[in-house]
Amino acid sequence: MDNFLVVTAVGTDRPGIVNELTKIVTQTNCNIVDSRLAVFGNEFTLILLLSGDWNAITRFETDLSVRSAQLELITFMKRTSEHKLVSYEGQISVKLDGKDAPGCIGQFTEYLATKNIDLCSFRTKAKSGYQRIEMLINLTSNTDYIQLQQHFDALAEQLSLTIRYEHLEQY
């Protein structure tokens with residue numbers, strides 16, 4: 001039976017650092033199930049979902065604990081279980097652009113949280129007083145898409161943001 005481990009590594013961005021981490025994955029006989037990499041300022045953040053038997057995951061945890069200091073990384077690890085896929089009817093991509101304003105992102109995410117709507121991906125970028133927000137939202141049969149769109153359109157207008165929607169196929 002596979003075991004699963006979520007790993008987050010943060011450190012100074014430099015060539016070869018991701019390779020050093022993937023070497024540890026390979027050497028411990030683990031498998032990368034999912035991953036995300038982002039650079040913030042001069043720092044990179046890598047998030048991995050690993051799978052492997054109990055011994056492989058335990059070895060990875062031990063090896064990374066030792067190597068993270070050598071690689072000048074801050075790392076966090078947490079055991080987890082395999083993600084149970086929910087059958088979604090589809091997804092919607094929402095993109096917002098406009099003047100950067102404190103708290104505006106929270107107004108969109110608060111609506112999703114209060115309506116128990118699944119936000120599966122989220123990205124923001126602010127520069128020189130402008131921002132871009134990109135959200136990927138999972139839709140179920142209980143999601144009132146028209147109400148969501150009306151609420152988001154009103155928020156976007158209130159915050160002077162342009163908004164675009166794209167319906168994506170069920171995955």
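For the structure itself, look to the data block above.
Residues numbered from 1 in each chain as written. Predicted model: local features only at pLDDT ≥ 70, side-chain atom pairs only at ≥ 80, totals over all residues. Heavy atoms only, no water.

What follows is about the overall build of the chain. In terms of regular secondary structure, the chain is built from four helices and eight strands. Along its sequence from the N terminus, the chain presents helices and strands in the succession β-α-β-β-α-β-β-α-β-β-α-β. Over its C-alpha atoms the chain spans a radius of gyration of 19 Å, topping by over 25% the 16 Å that the globule rule assigns to 171 residues. Each of the three principal axes of the chain carries a C-alpha extent, and together these read 50 × 40 × 25 Å. Looking at the chain as a whole, 32% of its 171 residues are labelled buried. Contacts spanning at least 24 positions in sequence make up 72% of the contacts within the chain whose residues lie at least 6 apart. Counting every atom, the chain has about 10,900 Å² of accessible surface; 51% of that belongs to carbon and sulfur. (Helix = DSSP H or I, 4+ residues; strand = E, 2+ residues; numbered from the N terminus. Rg over C-alpha atoms; globule rule 2.2 N^0.38 Å. Buried < 20%, exposed > 50% of the residue type's maximum accessible area, 1.4 Å probe, protein only. Contact = heavy atoms within 4.5 Å. Areas by Shrake-Rupley, 256 points an atom, 1.4 Å probe, with all protein chains shown as cover.)

What follows concerns the sheet that holds strand β1 (residues 3-12). Across the sheet, which stays open at both edges, the four strands sit in the order β2-β3-β1-β4 with antiparallel pairing between neighbours. Among the strands making up the open sheet, the edge pair consists of β2 (31-40) and β4 (73-80). Strand-to-strand twist in this sheet, taken as the mean axis angle between neighbours without regard to direction, amounts to 15°. As judged from the ten bridges shared by β1 and strand β3 (residues 43-52), these two strands associate in the antiparallel manner. (Pairing = 2+ DSSP bridges. Axes fitted to C-alpha atoms, helices over the stretch in contact; angles between N-to-C directions.)

Non-glycine residue Glu72 carries a positive phi angle of around 55°. By secondary structure assignment, the location of Glu72 is in the loop between α2 (54-70) and β4. One non-glycine residue with positive phi stands out, namely Ser160, at about 60°. Tracing the chain through its elements places Ser160 in the loop between α4 (145-158) and β8 (161-168). Residue class for Ser160 comes out exposed when judged on its relative accessible area of 56%.

It is worth spelling out the side chain of Gln91 at this point. On the secondary structure map, Gln91 appears in strand β5 (residues 90-99). Engagement of the side chain of Gln91 in a polar contact is seen with the side chain of Asn138, the distance being 2.8 Å. (Polar contact = N/O pair within 3.5 Å; in protein donor to acceptor, adjacent residues only side chain to side chain.)

What follows is about the sheet that holds β8. Spatial strand order, β6-β7-β5-β8: four strands in an open sheet with antiparallel pairing. A single partner strand is all that each edge strand has here, and the edge strands are β6 (119-127) and β8. Strand-to-strand twist across the sheet, computed as the mean angle between neighbouring axes with direction ignored, equals 10°. This element, helix α3 (residues 104-114), spans β5, β6, β7 (130-139) and β8 of the sheet and lies at about 5° to β7. Against the sheet, α4 contacts β5, β7 and β8, and its axis sits at roughly 155° relative to β8.

A separate point is the packing of helix α1 (residues 17-27) against α2. One way to put it is that α1 packs onto α2 with a least axis distance of 9 Å and a crossing angle of 150°. It follows from the interaxial angle that α1 and α2 lie roughly antiparallel. As for the relative orientation of α1 and α2, their crossing is right-handed in sense. Side by side, α1 and α2 meet where Glu20, Leu21, Ile24, Val25 and Gln27 of the first sit next to Arg59, Phe60, Asp63, Leu64 and Arg67 of the second. (Parallel < 35°, antiparallel > 145°, perpendicular 65-115°, else oblique. Left-handed = near helix turned anticlockwise from the far one by under 90°.)

We now examine α4. Helix length check: α4, at 14 residues, gives a terminal C-alpha distance of 20 Å against a target of 20 Å (1.5 Å per residue), a fit within 8%. Buried within α4 are the following residues: Tyr145, Leu148, Phe152, Leu155 and Ala156. In a view along the axis of α4, the buried residues occupy a sector of 100°, so they form one face of it. Among the exposed residues of α4, those pointing more than 90 degrees away from its buried face are Ile146, Gln150, Glu157 and Gln158. Next to the buried residues of α4 lie β5, α3, β7 and β8. Positive phi shows up at Ser160, right after α4, with a value of about 60°. (Expected span 1.5 Å × (residues − 1). Arc of directions from axis to C-beta.)

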